[in-house]
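# Commentary on secondary and tertiary structure
Chain by chain, the residues run as shown.
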Amino acid sequence: MADVTIGNRYYLGPGFTESREVYAGQPFNPAKDYSPAMVNYAFDYTGDGWDDILVVESRTPVLYVNPKGESRRWTRYAVFTTPVTSESIMFKDIDGDGKPDVTYGAASSVQWVSVDPANPTGTWKTYTVSQPGVPSSIHGIGAGDINGDGKVDIIAPHGWWEQPAAGPTQTPWTFHQGAFGRNGNAGGNIEVYDVNGDKLPDVVTALAAHGFGLAWYEQKRDPAGKISFVEHLIMNDFASQNAGGVVFSELHALTIGDIDGDGLPDIITGKRHWAHLDSYTDADGQGAPVLYWYRTVRNPKAPGGAEFVPELINNRSGVGSMIQLADLNKDGALDVLTATTRGGHIFWNTPRGGSRRSSQR
């Protein structure tokens, strides 16, 4: 049975009411302080059969190694040597070794980091994919197969890097100019899937982590095979017509997954409440901390051949810097996990054909 990690603790399934401490917690005031654990990601990086936890402390991940049942705090290892400047971090298997790698923006480059299986608690291997001097975005990073060659490419708000035929450790990667956001920034993770069913991978992203906007980018190819993208807005600001009449700001986290079991990925995102603390810095910063999933509907009559139908999950959770999907109770439906200044939440989904639940923990 899977457990759930939030902040400095993990919660034991299937009840998720009993927890254990990973490391000593730090109190913070969500109105004045940022969380000391922005992102948690669990995986067996040491290969001993016990899941470890990568914790993004402010922005740079550190590894906490599972003590394998011992009743003690976990040992912390600083496995990253390059400071992470982006608030968005993607966990994706870049090199095909079965382990999720870490993709992010550094001060003046885009990089991915892979665990060293021979020394998992030592310094992990860092690879720079971007050309020297290319600025990274604080918000927005993604990974997915853009050109359909079976290799994972890396995406940022200002374009994408094509993984070399020789493999991901060859640097730099070929850069292709694009625009997947606004003013050089996006929201949370940038995702890739075939939205309209034309066999070409498209791009989905929030447009601004501290503003408005959600869009999908339809991939086009000219007779020579050159790739370009056409933007289709799903949600803009209050002055615009938006899917389902829904509008909210600060889409700081985003992911995709088949929520309704129809075989198509859907979009899950929401509002990061008090993203810049208790202030009026952000657009509609005091708005309701909503969490939505957008159902992907392929419709030849819609612009680009697809449309999105918003479904409210909750209006008091919102998102932090990451949304996780998992079938926690093994009923065949993906559940939604969020951790925010409003607490940690599990939203239980119902298998296709069942009545939708509204319960949470």
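Residues numbered from 1 in each chain as written. Predicted model: local features only at pLDDT ≥ 70, side-chain atom pairs only at ≥ 80, totals over all residues. Heavy atoms only, no water.

## Focus on the overall build of the protein
When helices and strands are tallied, the protein shows 0 helices and 26 strands. Taken over C-alpha atoms, the radius of gyration comes to 20 Å for the protein, in line with the 21 Å a tight globule of 361 residues would show. Its C-alpha atoms give the protein principal-axis dimensions of roughly 60 × 50 × 40 Å. A sequence separation of at least 24 residues applies to 45% of the contacts in the protein between residues at least 6 apart. When the accessible surface of the protein is totalled, it reaches about 15600 Å², and 49% of it is carbon and sulfur. (Helix = DSSP H or I, 4+ residues; strand = E, 2+ residues; numbered from the N terminus. Rg over C-alpha atoms; globule rule 2.2 N^0.38 Å. Contact = heavy atoms within 4.5 Å. Areas by Shrake-Rupley, 256 points an atom, 1.4 Å probe, with all protein chains shown as cover.)

## Considerations on the sheet that holds strand 20 (residues 254–257)
Across the sheet, 4 strands lie side by side as 20-21-22-23; this open sheet has antiparallel pairing. Across the chains shown, the open sheet's two edge strands, defined by having one partner strand only, are strand 20 and strand 23 (306–314). On average, each strand axis in the sheet is tilted by 25° relative to the strand beside it, whichever way the strands run. Both strand 21 (residues 266–270) and strand 22 (residues 291–298) contribute to a ladder of 4 bridges, which runs antiparallel. Across the sheet, the residue bridging to Thr 269 is Tyr 292, located in strand 22. (Pairing = 2+ DSSP bridges. Axes fitted to C-alpha atoms, helices over the stretch in contact; angles between N-to-C directions.)

## So, unusual backbone geometry
Pro 14 follows Gly 13 through a cis peptide bond whose omega is 5°. Cis rather than trans, the peptide bond between Thr 171 and Pro 172 has omega equal to -5°. If you check the backbone angles, Trp 274 has positive phi at about 55° while not being a glycine. Checked against the element boundaries, Trp 274 lands in the loop between strand 21 and strand 22. Residue Trp 274 is classed as partly exposed on the basis of its relative accessible area, which comes to 24%. The phi angle at Leu 277 is positive, at roughly 65°, despite the residue not being glycine. If you trace the backbone, Leu 277 turns up in the loop between strand 21 and strand 22. On the accessibility criterion, Leu 277 (17% relative accessible area) is buried. (Buried < 20%, exposed > 50% of the residue type's maximum accessible area, 1.4 Å probe, protein only.)

## A short note on the sheet that holds strand 24 (residues 323–326)
The strand order across the open sheet built from 3 strands is 24-25-26, with neighbouring strands paired in antiparallel fashion. In this open sheet, the two strands that pair with only one neighbour each are strand 24 and strand 26 (343–347). Sheet twist, expressed as the mean angle between neighbouring strand axes with direction ignored, is 20°. Where strand 25 (residues 335–340) meets strand 26, 5 bridges bridge the pair, whose relative direction is antiparallel. Looking across to strand 26, one finds that Leu 337 is bridged to Ile 346.

## Here's the deal with the packing of aromatic side chains
Under the counting rule described, the total for this entry stands at 15 aromatic pairs. Aromatic side chains Tyr 41 and Phe 91 sit 4.2 Å apart centroid to centroid with 5° between the ring planes, which places their arrangement in the stacked category. Placement of the pair is Tyr 41 in strand 4 (residues 39–43) and Phe 91 in strand 8 (residues 90–92), with a sequence separation of 50 residues. Here the two residues Tyr 41 and Phe 91 agree in accessibility, since each one is buried. When the ring of Tyr 292 is compared with that of Tyr 294, the centres are 6.2 Å apart and the planes differ by 45°; the resulting orientation is tilted. Of the two residues, Tyr 292 and Tyr 294, neither departs from the other in class, the shared state being buried. (Phe/Tyr/Trp six-rings, centres within 6.5 Å; stacked < 30°, edge-to-face > 60°.)

## Observations concerning the nonpolar core
Most often, soluble globular proteins keep nonpolar side chains buried together rather than apart. Judged by nonpolar contacts, the single largest core of 20 residues is most densely connected at Ile 234, Phe 248, Ile 267, Tyr 294 and Phe 308. Contacts of Ile 234, omitting those with residues within four sequence positions, involve Leu 214, Ala 215, Trp 216, Asn 242, Ala 243, Ile 267, Tyr 294 and Phe 308. Val 65, Phe 80, Val 102 and Trp 124 belong to the second largest nonpolar core, which has 19 residues in total. (Core = buried A, V, L, I, M, F, W, Y, C linked by side-chain atoms within 4.5 Å.)

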